[in-house]
Amino acid sequence: MTIRVGVVGAAGRMGAEVCRAVAAADDLELVAAVDPHHAGVAVREATGVDTDLTLAGDLDALVDAGAEVVVEFTGPSAVGANLRWLLEHDLHAVVGATGIDEADLTVARELAEARPANALIAPNFAIGAVLLMQFAAEAARYLPHVEIIELHHDRKVDAPSGTALRTAELIADARAEIPDAPLGDDRHPGARGAAHADVRVHSVRLPGLVAHEEVIFGGTGQTLTLRHDSIDRTSFMPGVLLGCRKVASLDGLVVGLEHVL
Ligand code: NAD
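Since this is a predicted model, take the numbers as computed values, not measurements. (Residues numbered from 1 in each chain as written. Predicted model: local features only at pLDDT ≥ 70, side-chain atom pairs only at ≥ 80, totals over all residues. Heavy atoms only, no water.)

## Points about the site of the ligand
1) Next: Around the ligand, a shell composed of 25 residues is seen, among which Met14, Asp35, Thr98, Phe125 and Lys156 lie nearest.
2) Next: Measuring from an oxygen atom of the ligand, one finds a side-chain N or O atom of His37 at 2.9 Å.
3) Next: Contact distances for the ligand include 2.8 Å between an oxygen atom and a backbone N or O atom of Phe125.
4) Next: For the ligand, whose accessible area on its own is 860 Å², the fraction buried by protein is 82%.
5) Next: Taken together, the residues of the shell around the ligand sort by class into 11 nonpolar, 10 polar and four charged. (Near = heavy atom within 4 Å. Polar contact = N/O pair within 3.5 Å; in protein donor to acceptor, adjacent residues only side chain to side chain. Areas by Shrake-Rupley, 256 points an atom, 1.4 Å probe, with all protein chains shown as cover. Nonpolar A, V, L, I, M, F, W, Y, C, P; charged D, E, K, R; others polar.)

The structure is reproduced here in structure tokens:
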């Protein structure tokens, strides 16, 4: 049996990649693609997928097409409202867009508990990045002094990245102590990055980059560096497709790809 999949943000860099990956999977069927900024454009033109679908301007197209699972790759300003809409319409959601705020997350969690649809939110669908986060949490138990450098292409809207925020939270949960802040003033504001969960995060934005993260631990006479590089957006697709296959069997709203691996 094939799973009927809709994609929201379908004309974007990630959305188009998801359309191609879903169309190429034997057990998934691309039944609707939504992107209000490109409504009316042929999906074939926007994504290269061999289909007669047209990009829809609103989410109703997902219900009309009988989508069962919807992949959301818009961005920080749209993802909260879209996720709420999907759950209210009993559509399982696989969410890759980052920057969802705490209030929207709380509403979505309550909806996913109250209604039949589930949600999987993953700040990073690349297996290597998921492993990096797990290794970072493990290392933080022994090496509590740590900073994160995340590097992305210059079209990324949010900073720090969702992956960096999640890595910082996992580190904070794992380490037994919060080390004293290093000495030194901040004569150039921002030089020490942003603090999230008491972990310093530095965001680099440059053309040529895709999505990269380095976690540097410091100890007595030694450092440990963990690094992951997504050098192509196809790196996220096995995780997204796995999410499409597993989301219906989750219980409510789940954050992190590790829960379906
Ligand atoms: P993009 O700007 O290329 O694409 C976003 C698309 O969403 C655009 O085509 C835009 O028209 C569309 N859009 C905007 N508002 C919309 C709405 N209300 N309804 C439907 N479509 C709407 O961005 P991108 O590089 O594809 O990244 C998208 C998101 O995915 C970002 O938040 C990014 O951080 C995140 N991301 C997540 C992962 C992951 O593994 N979870 C990986 C890469 C990127």
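## A look at the packing of helix H6 (residues 127-140) against helix H7 (residues 162-174)
1) Next: At a closest axis distance of 8 Å, the pairing of H6 and H7 adopts a crossing angle of 30 degrees. Taken as axis vectors, H6 and H7 run roughly parallel relative to one another. Our pair here, H6 against H7, has a crossing hand that is right-handed. Residues Met133, Ala136, Ala137 and Ala140 of H6 form the contact with H7, whose own contacting residues are Thr163, Arg166, Thr167, Leu170, Ile171 and Ala174.
2) Next: In terms of residue class, the contact of H6 with H7 is made up of seven nonpolar, two polar and one charged. (Axes fitted to C-alpha atoms, helices over the stretch in contact; angles between N-to-C directions. Helix = DSSP H or I, 4+ residues; strand = E, 2+ residues; numbered from the N terminus. Parallel < 35°, antiparallel > 145°, perpendicular 65-115°, else oblique. Left-handed = near helix turned anticlockwise from the far one by under 90°. Contact = heavy atoms within 4.5 Å.)

## A few points about the UniProt feature "binding site: (S)-2,3,4,5-tetrahydrodipicolinate" (unreviewed entry) in the protein
1) Next: Mapped onto this structure's residue numbering, the UniProt feature "binding site: (S)-2,3,4,5-tetrahydrodipicolinate" (unreviewed entry) falls at His153, Gly162 and Thr163.
2) Next: Looking at the secondary structure, you find His153 in the loop between strand S6 (145-152) and H7.
3) Next: Residue His153 is classed as buried on the basis of its relative accessible area of 14%.
4) Next: The class of Gly162 is buried, set by a relative accessible area of 13%.
5) Next: Discounting residues that sit within four places of it in the chain, Gly162 has contacts with Thr98 and Pro123. (UniProt positions renumbered as here; feature names shortened; annotations may be inferred. Buried < 20%, exposed > 50% of the residue type's maximum accessible area, 1.4 Å probe, protein only.)

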